[in-house]
Amino acid sequence: MASEAVKRILEAEAEADKRSAEARVRADGIVTEAERKASIAVQKRLTDAKTETGKLRDENRRRLEEYTNKAEKECAAKLGELEKTAASNSDKAVEAIISGFFS
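Residues numbered from 1 in each chain as written. Predicted model: local features only at pLDDT ≥ 70, side-chain atom pairs only at ≥ 80, totals over all residues. Heavy atoms only, no water.

Undergrad: Teacher, can you tell me more about the overall build of the chain here?
TA: The number of helices and strands found in the chain is one helix and zero strands. Expected size for 103 residues packed as a compact globule is a radius of gyration near 13 Å; at 43 Å, the chain overshoots this value by more than 25%. Out of the 103 residues in the chain, the part that is buried amounts to 0%. (Helix = DSSP H or I, 4+ residues; strand = E, 2+ residues; numbered from the N terminus. Rg over C-alpha atoms; globule rule 2.2 N^0.38 Å. Buried < 20%, exposed > 50% of the residue type's maximum accessible area, 1.4 Å probe, protein only.)

Laid out in structure tokens, this is it:
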């Protein structure tokens, strides 16, 4: 009778060890799969982020080019106005000098 109880206890312990080992293997598999999926998700998000930053850079370059062109046109227009004013003032100054010299 005692040997039968010991035998059942040993069998139960062996079964518990077996189930424990199986559970460890399954847990390791779950962790490995989760790490793999997480790695894939991180790579996908990095790719998405790189794509988005590329779009933003392109948009910023386009805006900068538009702004630069607009600024260059405005500067050219103002420079033209200043050149006309300077030429007009220069003509007036020459006339004032000549009339002052010959008067």
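Additional details are given in the paragraphs that follow.
Undergrad: I tried to follow a nonpolar patch on the surface on my own but got confused; where do I start?
TA: Side chains of V94, I98, F101 and F102 sit close together on the surface and give an oily, nonpolar patch of about 470 Å² of accessible area. On the secondary structure map, I98 appears in helix α1 (residues 2–102). (Patch = residues over 30% accessible without salt bridge, like charges linked within 9 Å, V, L, I, M, F, W, Y side chains within 5 Å. Areas by Shrake-Rupley, 256 points an atom, 1.4 Å probe, with all protein chains shown as cover. Salt bridge = Lys/Arg side-chain N within 4 Å of Asp/Glu carboxyl O.)

Undergrad: Looking at this structure, how should I read the pattern of salt bridges?
TA: Side-chain pairs of opposite charge can arise whenever the charged atoms involved come near each other. Enumeration according to the criterion identifies seven salt bridges in this entry. Two residues, R62 and E66, come together in a salt bridge whose shortest N-O distance is 2.4 Å. Of this pair, R62 and E66 are both found in helix α1, four residues apart, which corresponds to roughly one turn of the helix. Residue classification places R62 among the partly exposed residues on the basis of a relative accessible area of 37%. The partly exposed category is assigned to E66, whose relative accessible area is 44%. Each of E59, R62, R63 and E66 takes part in a single network of salt bridges with overlapping partners.

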